[in-house]
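# Topology and contacts: notes
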Amino acid sequence: MGGNPVVHFEIYGRNQPALREFYEKAFGWDIHVDPNSGYSMAHAGADEGKGINGGLAEGAPRVNFVIEAADLKATLDQIEMLGGKTVTPITEMGPVTFAEFSDPEGNVLGIVKSE
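Only a predicted model underlies this, so the values are computations on that prediction, with no experimental measurement involved.

## Here's the deal with the confidence of the model for the protein chain
On average, the protein chain scores 92 in pLDDT, and the residues at 70 or more come to 98%. When pLDDT is averaged over each helix and strand of the protein chain, the minimum, 92, is found for strand β3 (residues 40-43) and the maximum, 97, for helix α2 (residues 72-81).

## Section: the packing of aromatic side chains
Taken as a whole, this structure holds 5 aromatic pairs when the rule is applied. Consider the rings of Phe 27 and Trp 29, whose centres lie 5.6 Å apart with planes at 25°: the pair is stacked. Look at Phe 27 and you get exposed, because its relative accessible area is 54%. Taken together, the aromatic side chains of Phe 9, Phe 22, Tyr 23, Phe 27 and Trp 29 make up a single cluster linked through ring pairs. Between the NZ or CZ atom of Arg 62 and the centre of the ring of Tyr 12, over which it lies, the distance is 4.2 Å.

## Some words on the pairing of strand β7 (residues 96-102)
Buried residues dominate β7, accounting for 5 of its 7 residues. Pairing between strand β6 (residues 85-93) and β7: 6 bridges, direction antiparallel. Residue pairing for β7: Thr 88 is matched across the bridge by Glu 100. Hairpin connection between β6 and β7: a loop of 2 residues separates the two successive antiparallel strands, and Gly 94 in this loop has a positive phi of roughly 65°. As judged from the 5 bridges shared by β7 and strand β8 (residues 108-113), these two strands associate in the antiparallel manner. Its bridge partner being in β8, Phe 101 is matched across the sheet by Leu 109. Where β7 folds back onto β8 in an antiparallel hairpin, the turn is made up of 5 residues, including Gly 106, whose phi is positive at roughly 95°.

## Considerations on helix α1 (residues 16-27)
Side chains of residues three or four places apart in an α-helix project in the same direction, reflecting 3.6 residues per turn. Given a rise of 1.5 Å per residue, 12 residues ought to cover 16 Å, and the 16 Å separating the end C-alpha atoms of α1 matches this to within 8%. Turning to α1, its buried residues are Gln 16, Leu 19, Arg 20 and Tyr 23. Buried residues of α1, viewed axially, fall in a sector of 100°; they line one side. Away from its buried face by more than 90 degrees, α1 exposes Pro 17 and Lys 25. Of the surrounding secondary structure, the elements contacted by the buried residues of α1 are β1 (6-13), β2 (30-33), β3 and β4 (54-58). Of the residues flanking the start of α1, the one acting as N-cap is Asn 15, its side-chain oxygen 3.1 Å from the backbone nitrogen of Ala 18. Looking one or two residues beyond α1, the residue adopting positive phi is Gly 28, at roughly 75°.

## Re the sheet that holds β3
Taking strand neighbours across the sheet as the criterion, the 8 strands line up as β2-β3-β4-β1-β5-β8-β7-β6 in an open arrangement whose pairing is mixed. Either end of the sheet is taken by a strand with one partner, and the two such strands are β2 and β6. Neighbour to neighbour, the strand axes of the sheet diverge by 25° on average, direction disregarded. Strands β5 (62-69), β6, β7 and β8 of the sheet are contacted by α2, whose axis makes an angle of about 0° with β7.

The rules behind the values
- Residues numbered from 1 in each chain as written.
- Predicted model: local features only at pLDDT ≥ 70, side-chain atom pairs only at ≥ 80, totals over all residues.
- Heavy atoms only, no water.
- pLDDT = per-residue confidence, 0-100.
- Helix = DSSP H or I, 4+ residues; strand = E, 2+ residues; numbered from the N terminus.
- Phe/Tyr/Trp six-rings, centres within 6.5 Å; stacked < 30°, edge-to-face > 60°.
- Buried < 20%, exposed > 50% of the residue type's maximum accessible area, 1.4 Å probe, protein only.
- Lys NZ or Arg CZ within 6 Å of the ring centre and 35° of its normal.
- Pairing = 2+ DSSP bridges.
- Expected span 1.5 Å × (residues − 1).
- Arc of directions from axis to C-beta.
- Contact = heavy atoms within 4.5 Å.
- Polar contact = N/O pair within 3.5 Å; in protein donor to acceptor, adjacent residues only side chain to side chain.
- Axes fitted to C-alpha atoms, helices over the stretch in contact; angles between N-to-C directions.

Okay, here's the thing in C-alpha cells:
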C-alpha cells in the first residue's frame, strides 16, 4: 500500500465563471455548478478510470488537494505532532466530512473521511 490516497483537488479563484470557462476549454473538463452551494464539480478523468475529479471554489487563488483518511481527528493530531496546524476543523457538509491543515511550510491541504 502507498498510504492515504489523494482523492480530490480544488482550484480556488475570485472569478468562477472565467475559471470554469478556462478549464473547460483548456482541458475539456466537464464542470457542473451546484446551485445550492455555488461549488463547481470538475469531472477531470476519474469517471473514465484515469486521474481524479475535483472542484472549483470561490476564494483567494490557490490550489488544494485532498487526502483520504479513516480517522480525521487522529490524522489532525498526528499532523500537529509533526509541526502542522489545523486550519479548518472537522466539518460535515452534506455527505462529506473534511478538515484542512497546513504543513510546516504553510501549504494548506485537505483531508476527507474515507467512506
